[in-house]
Amino acid sequence: MAVLQDLTSQQAIDLENKYGAHNYHPLPVVLTKGEGVFVWDVEGKKYYDFLSAYSAVNQGHCHPKIIKALTDQAQNLTLTSRAFYNDQLGKFEKFATAYFGYDKLLPMNTGAEAVETALKIARKWGYEKKGIPANQAKIIVCENNFHGRTITIISASNDPVATENFGPFTPGIVSIPYNDIAALSEALQDEHVAAFIAEPIQGEAGVFVPDEGYIKAARALCKEKNVLFIADEVQTGIARTGKLLATCGNCNCADRNCSGEPEVKPDVLILGKAISGGVFPVSAVLANDEIMEVIRPGNHGSTFGGNPLACAVATAALEVVRDERLAENAAELGELFRSEMERIIAETDLVLKVRGKGLLNAIVINDTEESSTAWDICMALKENGLLAKPTHGNIIRFAPPLVMTKEQLMDCVSIIESTLKAFKK
Ligand SMILES: *Cc1c(COP(=O)(O)O)cnc(C)c1O
């Protein structure tokens, strides 16, 4: 294995290029170690991670408590399949349902699988509870959504790169503009609609934050029409936006299992990414009994879903979020970050605006979507020790781990400031 251990960055990149499918276009940096808000490349250069694996690593890299849960459980039992019970799943389900305030949880592995699961539950609920005629159920989705990569999920996508030559697509999907209550109201006139699925903030679309009250109004309209409101919080959830969930809105409690009223309580909640702190693929769908009871033995499953390793890791990861008050930290640092970005924006023509909530933010670069400017800025940021990735040609997402300190954040602000001010198109 010696040859693999002393790879240079270029050698590692060449290997991926030659032997791996080219389904990604990574920034040319090869990481070998992570700790908290930092990652190191194979040459030993240290960087701030300002992507957090698309908000999976909210708890920071290799959090000791989560890694301990992983290694302890790995020595006892890793997988039983659901053919048998294991002693971790029930405990995790009890913990997570209390934590998020739902009756039941259905465990899966990836975000896309959890979205698929939610859509299956919604269709079945539509037929069995709402009385939609067989095979007529519709799901309303939003333009510019990102819910994952399966064929059904890309059937809901309007991104040509994600969809071209992957048809035929799954029928029964109605797409409406995001942040448009009138469009939703109109689409809900159709009595065959089973569910409306939305991201509380559209992350991949470039951290697009809807108008204040949009999600709340959408939720109320769905209730009125007996349509399930499904929140895809795979990216916005687990403290990222300064609350445990983005749908908590302005509720001031740290925990979803709180005394206050969440602003919006989705009928179906989809979680993934940071539910495991990025340590292991874990995702989940949460709902109350009257919805979840449509799923009966044999209807749905996953060999790895609910495995004991995942349960131990996810429990520890959620404990870290609560014990280290990561939602509060994200809210506080997010305010500071956006105000610092506003100050920089006032001093440069290169950036048009900053938007976001908590530590899910993006800056919009003063150039076209087709330009490479955002990429080139990310390359310059990398040289200066900070890793971020464009979401479009002109948008850069900034989403560091939530364990960041104020001093570290200000250090990052100065890296971003000097990089932007020195940048020449
Ligand atoms: C990342 C993401 C998904 C898909 O998760 P995977 O684990 O990559 O399948 C779904 N929805 C949203 C909002 C996401 O950000």
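Cut-offs applied
Residues numbered from 1 in each chain as written. Predicted model: local features only at pLDDT ≥ 70, side-chain atom pairs only at ≥ 80, totals over all residues. Heavy atoms only, no water. UniProt positions renumbered as here; feature names shortened; annotations may be inferred. Near = heavy atom within 4 Å. Polar contact = N/O pair within 3.5 Å; in protein donor to acceptor, adjacent residues only side chain to side chain. Areas by Shrake-Rupley, 256 points an atom, 1.4 Å probe, with all protein chains shown as cover. Helix = DSSP H or I, 4+ residues; strand = E, 2+ residues; numbered from the N terminus. Contact = heavy atoms within 4.5 Å. Buried < 20%, exposed > 50% of the residue type's maximum accessible area, 1.4 Å probe, protein only. Arc of directions from axis to C-beta.

An unreviewed UniProt entry annotates the protein as ornithine aminotransferase originating from Croceivirga radicis. What UniProt states about the protein under its Cofactor (unreviewed entry) heading is, verbatim, "pyridoxal 5'-phosphate". Taken verbatim from the UniProt record of the protein, the Sequence similarities (unreviewed entry) comment is "Belongs to the class-III pyridoxal-phosphate-dependent aminotransferase family."

*Asks:* Looking at this structure, I do not really get the site of the ligand. What am I missing?
*Replies:* Neighbouring the ligand are Thr110, Gly111, Ala112, Phe146, His147, Gly148, Glu199, Asp232, Val234, Gln235 and Lys273. Contacts to the ligand include Gln235, whose side-chain N or O atom sits 2.8 Å from an oxygen atom. The separation between an oxygen atom of the ligand and a polar side-chain atom of Lys273 is 2.6 Å. Burial of the ligand by the surrounding chains reaches 81%, relative to a free accessible area of 380 Å².

*Asks:* How do you make sense of the side chain of Thr241 when you look at a structure like this?
*Replies:* Along the polypeptide, Thr241 turns up in the loop between strand S8 (228-232) and strand S9 (268-271). Apart from the residues within four sequence positions on either side, Thr241 is in contact with Ile201, Thr236, Ala246, Lys357, Gly358 and Leu360.

*Asks:* What is the right way to look at helix H10 (residues 214-224) in this model?
*Replies:* Listed in full, the buried residues belonging to H10 are Tyr214, Ile215, Ala218, Arg219, Leu221 and Cys222. Angular distribution of buried residues about the axis of H10 spans 165 degrees; they occupy a single face of the element. Exposed side chains of H10 directed beyond 90 degrees from the buried face belong to Lys223 and Glu224. Looking at the buried residues of H10, the elements they touch are strand S5 (138-142), helix H9 (181-187), strand S7 (193-198) and S8.

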